[in-house]
Amino acid sequence: MFRTALRNVFAHKARLLMTVLAVMLGVAFVSGTLVFTNTISGALEKSSAKGFDHVDVALAPGYTESKGDKVGKDVELTDATLKKAGSVSGAASAYGVVSGYAAVAGQDGELVGNGFSTKGGNYAGTDDPRYPFRNGKAPHGANQVALDAKTAERAGYRVGDQVRMSVDGPVLTPTLTGIFTTDDGNVAAGGSLALFDTKTAQQLFHKPGAYDEIDVTAAAGTSQDTLKKNLDEALGTHDVETTTGQQLADDQAKSISTSMSSMKTMLLIFAGIALFVGIFIIANTFTMLVAQRTKELALMRAVGASRRQVTRSVLLEAFLVGAVAAVTGLAVGIGIGAGMRSLMNSSGAIIPDGPLVVSSGTVVSALVVGILITMLAAWLPGRRAAKIPPVAAMNAVHAAPTAKSLVLRNTLGALVSAAGVTGVLAATTMSGDSGQLPMGAGAGLLVIGVFILTPLLSRPLIAAAAPVLRVFGISGKLARLNSVRNPRRTAATASALMIGLTLITGLTVIAGSVQSAIDKMAADSLKADYVVSMANGNYLSPDVLKTLDTTDGVTATSGLSNSPSRIGGSTEYLTGVNGATIGKLAELPVDSGTFTVGGTDVVVDDDTAKDHGWKAGSVFTASYEDGRKQRLTVAGVYEGNEMIRGIMLDAATLNPHITDGASDMQVMVKTAGGASDAAKDKLTRALGENPAIKVQDRKDISNEIAQMFTLMLNMLYGLLAMAVVVAVLGVINTLAMSVFERQQEIGMLRAIGIDRKGIKRMVRLESLVISLFGGVLGLGLGVFFGWAAGQLIGNSMSTYELILPWGRMGLFLALAAVVGILAALWPARRAARLNMLAAIKAE
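Residues numbered from 1 in each chain as written. Predicted model: local features only at pLDDT ≥ 70, side-chain atom pairs only at ≥ 80, totals over all residues. Heavy atoms only, no water.

1. Brief notes about the overall build of the chain
Short version of the rule: Where helices and strands are cited, they refer to DSSP runs of H or I of at least four residues and of E of at least two residues respectively, numbered from the N terminus. Throughout this description, buried means an accessible area under 20% of the type-specific maximum (1.4 Å probe, protein chains only), exposed means over 50%, and partly exposed covers the range between. Should any heavy atoms of two residues lie within 4.5 Å, those residues are counted as being in contact. Each accessible area is a Shrake-Rupley estimate made with a 1.4 Å probe; only the visible protein chains count as cover when residues are assessed. Note that His is not counted, nor are the chain ends; the positive residues are Lys and Arg, and the negative ones are Asp and Glu. For charged residues, the charge sits on one atom: NZ in Lys, CZ in Arg, CG in Asp, CD in Glu.
When its secondary structure is counted, the chain shows 28 helices and 27 strands. When the backbone C-alpha atoms are referred to their principal axes, the chain occupies close to 95 × 70 × 50 Å. The proportion of buried residues among the 843 residues of the chain is 48%. The long-range fraction of contacts in the chain, counting pairs at least 24 apart against all pairs at least 6 apart in sequence, stands at 81%. Split by element, the accessible area of the chain, about 38000 Å² in all, is 59% carbon and sulfur. Between the centroid of the 74 positive side chains of the chain and the centroid of its 66 negative side chains there is a distance of 21 Å.

This is how it looks when you write it as structure tokens:
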């Protein structure tokens, strides 16, 4: 039986090629994901571990928990703490660490790096071991700065240049005194690092006389654990948290592994989708091969082969096909992993240097996935082949499915689909989090149910295309009849395309609807012409609000500061606004009372009011972060949204109680002539054309969010493209094997007068019909899932409404048609080139 299986594989290698390609692509996706994520994780872990080479024990501020009316806060690390840590037994030296956000602009005025990767810090003393200088010297004084070598090179700065930068708003232009090298993992990954002397860094990052961390190095012969124990005894464990350098490196490695795990999981999900689509191709291929070899299998049964041996013979063929596909896929996957790393580097996401990691787990996973998927998909065709009685198989080349089996299939499909629809509809009535799992389970059941029902659905849906196919004469009629001749085969082929288009359509519907909801939210709730904020979301300097207040053409401004408080034994964040102008800058529907903010009058969003049982006129006591208490009155309850919510009170009331100094997260601005390019340019110039500050109108805010959705969708489209490619291979494979199976019939058609063009047209139309059938099913399911997911989103987003992207849906259907036409090129050409006499004589 082994020799027979081996002979069959070599005899049908051309027909098995598409199956090998389908499995290979799935395995390549899996192994490429594992190689890429393991390589990136290893490089980042190695790079970050170097950053702790000079740290034996790190001291972090302790935290006083919120209790009763007292707001929790960090305990400060001061010069006294630094001095005491450096004098502990076993300590060789200690230096304070100050860090914060520092945006550096290049010579072209553009920001170097983005978001949280642009950092600032302090150079401790005159010889900080963390930062050896390549050129120049350490910074000293408020007007000096040092940059890491990679940032200086990218920005085009040399020692002595004026560096254009910002920390919290105002533009700074310190002199570059030195360029240093560092093992900081953030810099290795493409971030930037600017260093100031300690006093300057503390002033810039709002920590006068305080440190974010104190790093202690151990004296010779003192272990990290011993030093940690000595520090705990000397400083206590309440005000200071101590961690060894090794533990910091281990925690960082764990953090990197966790973050990469999310990426790995997402990529593996899409690899799984591609493999799931591949299962249809494998099952279809082996079903057709078994059908074409029924006489051969019957003869084997007649000469003594048992049912189990026949099944094992088919599974052995699948094992050989899977093994070849897995080994090839592993090799391709390793290349994909290396290519993805290079692609990220070329796109600006710099990855630390490191070897390509191909672990034993990756190799085993690739082999197991490739072989197991292929054998599982081939098991049902093999079992079905073994059940055919030898005599019945010798009398008919194709054993048609019995009426009983079709009734059972349709009944099962209807029950599974009904369960899926019920699960999805039930999930739409639940809240966002609780409804996710039931909706996912229901969606999975519905997809399986529709797949089971696809043979039944194929006849009416394909029959609907009959009027169009009549235009193509006899070729169109034959294409329609061929499409429904074997409904199971058509179903398996169309379902592969259906799955990819279901996901693509569903994601597009959800993304478009959410984007529309955000646009509507911004238009309805914001009356301000502009919103000013930091590029990384940090606090703005108070100077920003002062500058905007005095800018010509500005008619109203309001900052949005934030501070924790204790109300009724729980922590609530208070938002400070300009009570006199907030009504001109925000428009929020009021459920009760009036939108009045001033003195001790506050407004509260409906969710917070419901949680505390408040209504207009309610009075409550707030304990501020400085420990003081004040009675506040609810003047009104408004409908909150994702952009504006919480307890709003006048900044003049709140800001004196903010212990670190009041700073705004955003500033809303109203101008005399409304939003315009000229007004935006005037505000930008007034703020010193600072690259770290964003000046956005409502359209800019919507566009920024739209870019995020577009990027996400493009990534998902790219990942789902693999599933579509596998589906294309399935269509090609089905048509090619169908042409081989029907070569006698094609020869007869040629003999009675249909020319080669007619044969080509017939095969192409058959492919087109099957692909469009899968496309229609995919669009229908995608829209349904998009609607259902939108019901969950709508529970937490009041402006959400279903938006059907008709243009894109039409494009997806056109894509299905293109898939059908391209997939038919080779099978149609092969069918047209068949020798009519040889084809008629073929069995």
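Back to the write-up after that little detour.
2. Description of the sheet that holds strand E7 (residues 103-104)
So the rule is basically this: A pair of strands counts as paired when DSSP detects no fewer than two bridges linking them.
Overall, antiparallel pairing links the 3 strands, which are arranged E7-E11-E12 in an open sheet. Strand pairing shows two members of the sheet lacking a second neighbour, E7 and strand E12 (171-172), which therefore form its edges. The sheet contact formed by E7 and strand E11 (residues 165-166) spans 2 bridges and is antiparallel. By the bridge assignment for E11, Val104 is matched with Met165.

3. Digging into a nonpolar patch on the surface
Worth spelling out the cut-off: Patches were defined on residues exceeding 30% relative accessible area and lacking a salt bridge, with like-charge contacts within 9 Å and nonpolar side-chain contacts (Val, Leu, Ile, Met, Phe, Trp, Tyr) within 5 Å. Only one rule defines a salt bridge in this text: a Lys or Arg side-chain nitrogen within 4 Å of an Asp or Glu carboxyl oxygen.
On the surface, Val364, Val368, Leu372 and Leu376 cluster together into a nonpolar patch covering about 370 Å² of accessible area. Tracing the chain through its elements places Leu376 in helix H11 (residues 360-387). Take Leu376: its relative accessible area is 57%, and that puts it in the exposed class.

4. Regarding the packing of helix H25 (residues 756-794) against helix H26 (residues 806-823)
Heads up, the condition is: Axes here refer to lines fitted to C-alpha atoms; in helices the fit is confined to the stretch in contact. Angles between the N-to-C directions go from 0 to 180 degrees. Orientation is classified from the angle alone, with under 35 degrees giving roughly parallel, over 145 giving roughly antiparallel, 65 to 115 giving roughly perpendicular, and any other angle giving oblique. Take the far helix as the reference: if the near one is turned anticlockwise from it by less than a right angle, the crossing is left-handed, and if turned clockwise, right-handed. When residues are grouped by polarity, Ala, Val, Leu, Ile, Met, Phe, Trp, Tyr, Cys and Pro land in nonpolar, Asp, Glu, Lys and Arg in charged, and all others, Gly among them, in polar.
Between H25 and H26, the least distance of the axes is 8 Å, while the angle of their chain directions is 150°. The angle between H25 and H26 falls in the class roughly antiparallel. The crossing of H25 and H26 is right-handed. Contacts from Ser767, Leu768, Ser771, Leu772, Gly775, Val776, Leu779 and Val783 in H25 reach Met809, Phe812, Leu813, Ala816, Ala817, Val819, Gly820, Ile821 and Ala823 in H26. Here the contact of H25 with H26 is composed, by residue class, of 13 nonpolar, 4 polar and no charged.

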